[in-house]
Amino acid sequence: ASAEADAHALTEKKKKSDSMNADMIDQIATLKERLSSSDASVQLLAKEKEAIESEKTELLREKALLETDAADTRCQVQALLEEKASAEADAHALTEKKKKSDSMNADMIDQIATLKERLSSSDASVQLLAKEKEAIESEKTELLREKALLETDAADTRCQVQALLEEK
């Protein structure tokens, strides 16, 4: 009878052990599924980050081209103003526009530095990258708005140059 009790106790222990093993196997399978899903999310976020960085690089390149165009235009304006002393009122307006443009450029440089810091810190945390994605896209919209403003400033300056050439 003692051997039967021992055998019964061992059978019960084996059933409990088998049950615990089955639970652990289920937990491992669940964790593997979650890990796979997390890996897919990391890859997707990395691709989205790469696309955002690519868009940012393109915007910065376009900004540099616009700044070069604006600088060339300002040089032409300055040469015409030196030849035409009576255009002091125009020179004052162009100076104010230049100050505004310089201020906008300084703001954009600060925004770019902020974006670089955010991108650097995003490598450390995938969750932070997902939350900051919307902020970066918002800043992208701001850069596009500022690009449009620079294009408008460049067009205004070209009109002033043309007007000065026609006065001459």
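All residue numbers refer to positions counted from 1 along the written sequence of the respective chain. In keeping with the model being predicted, local features are shown solely for residues with a pLDDT of at least 70 and side-chain atom pairs are shown and tallied solely at 80 or more, while totals for entire chains, interfaces and linings include all residues. Excluded from the side-chain calculation are hydrogens and water; included are all heavy atoms of the structure.

Chemist: If you had to explain the overall build of the chain to someone new, which residues and values would you point to?
Modeler: Scanning the chain from terminus to terminus reveals 3 helices and 0 strands. Written out in order from the N terminus, the α and β elements of the chain read α-α-α. Residues are treated as being in contact if the distance between any of their heavy atoms lies within 4.5 Å. Considering only contacts within the chain whose residues lie at least 6 apart along the sequence, 81% involve residues at least 24 apart. Note on areas: Shrake-Rupley with a 1.4 Å probe; residue coverage comes only from the protein chains shown. For the chain, the accessible surface area stands at approximately 11,900 Å², while carbon and sulfur atoms represent 55% of it. Secondary structure elements are defined from DSSP: runs of H or I of at least 4 residues count as helices, runs of E of at least 2 residues count as strands, and each element is numbered from the N terminus.

Chemist: Quick rundown of the pattern of salt bridges? Include the residues and the values.
Modeler: When charged atoms on two side chains of opposite charge get close, those side chains can pair. Every case where a carboxyl oxygen of Asp or Glu lies within 4 Å of a side-chain nitrogen of Lys or Arg is listed as a salt bridge. All chains considered together, the criterion is met by 12 salt bridges. As a salt-bridge pair, lysine 140 and glutamate 55 come within 2.8 Å of each other at their nearest N and O atoms. Here lysine 140 is found in helix α3 (residues 126–167), whereas its partner glutamate 55 is found in helix α1 (residues 2–83), with 85 residues between them in sequence. Three exposure classes are used, based on accessible area relative to the maximum for each residue type with a 1.4 Å probe and protein chains only: buried under 20%, partly exposed in between, and exposed over 50%. The class of lysine 140 is partly exposed, set by a relative accessible area of 29%. Across the pair glutamate 142 and arginine 145 runs a salt bridge, and its minimum N-O distance is 2.4 Å. Residue glutamate 142 and its partner arginine 145 are both found in helix α3; the two are separated by 3 residues, about one turn of the helix.

Chemist: Residue-level account of the nonpolar core, with values.
Modeler: Within the largest apolar cluster, 8 residues are counted, these being Ile52, Leu59, Leu66, Met108, Leu115, Ile136, Leu143 and Leu150. Broken down by secondary-structure element, the contributors of at least two residues to this core are α1, α2 (88–122) and α3. When sequence neighbours within four positions are dropped, the list of residues in contact with isoleucine 52 reads Lys133 and Ile136. Counting 5 residues, the second-largest nonpolar core is a separate cluster that includes Val77, Leu80, Leu94 and Leu164. Here, nonpolar core means buried Ala, Val, Leu, Ile, Met, Phe, Trp, Tyr and Cys residues that are tied together by side-chain atoms lying within 4.5 Å of each other.

Chemist: Can you tell me about the side chain of threonine 73, naming the residues and giving the values?
Modeler: Within the secondary structure layout, threonine 73 lies in helix α1. Identification of polar contacts relies on pairs of N or O atoms within 3.5 Å, with a donor-acceptor requirement for protein atoms, meaning one able to donate a hydrogen and the other able to accept it, and with residues adjacent in sequence counted only if both atoms are side-chain atoms. From its side chain, threonine 73 meets the backbone oxygen of aspartate 69 in a polar contact 2.8 Å long. Not counting residues up to four positions away in its chain, the partners in contact with threonine 73 are Thr157, Arg158 and Val161.

Chemist: Kindly report on empty space enclosed by the protein, identifying the contributing residues and their values.
Modeler: Lining residues are those with an atom within 4 Å of a point, where the points come from a 1 Å grid over the protein atoms alone and group into cavities, where a 1.4 Å probe fits but cannot get out, or pockets, open sets with protein on both sides within 12 Å along at least five of seven lines. Grid points are joined across faces, edges and corners, and a volume is the space filled by probe spheres set on the points. Counting across every chain of the model gives 2 cavities of 30 Å³ or more. Approximately 80 Å³ is the volume found for the largest cavity. Along its surface, the largest cavity is lined by Ile52, Glu55, Lys56, Leu59, Leu115, Ile136, Glu139, Lys140 and Leu143. Note on residue categories: nonpolar means Ala, Val, Leu, Ile, Met, Phe, Trp, Tyr, Cys or Pro, charged means Asp, Glu, Lys or Arg, and polar means any other residue, Gly included. For the lining of the largest cavity, the per-class residue count stands at 5 nonpolar, no polar and 4 charged. Size it by volume and the second largest cavity reaches roughly 50 Å³. Of all the elements, α3 adds the most residues to the lining of the second largest cavity, at 4 residues.

Chemist: Tell me about the side chain of glutamate 146, and name the residues and values.
Modeler: For glutamate 146, the position within the fold is in helix α3. None of His or the chain ends enter the tally, which takes Lys and Arg as positive and Asp and Glu as negative. For the buried glutamate 146, no salt bridge is present, and the opposite-charge side chain at shortest range is arginine 145, 4.2 Å distant. Excluding anything up to four places from it in sequence, glutamate 146 contacts Met104, Met108 and Gln111.

Chemist: Go over the confidence of the model for the chain, please, and point to the residues and values.
Modeler: With 87% of its residues at a pLDDT of 70 or more, the chain shows a mean pLDDT of 86. Each residue carries a pLDDT value, the predictor's own confidence for that position, ranging from 0 to 100. Per-element confidence in the chain ranges from a low mean pLDDT of 81 for α2 to a high of 91 for α1.

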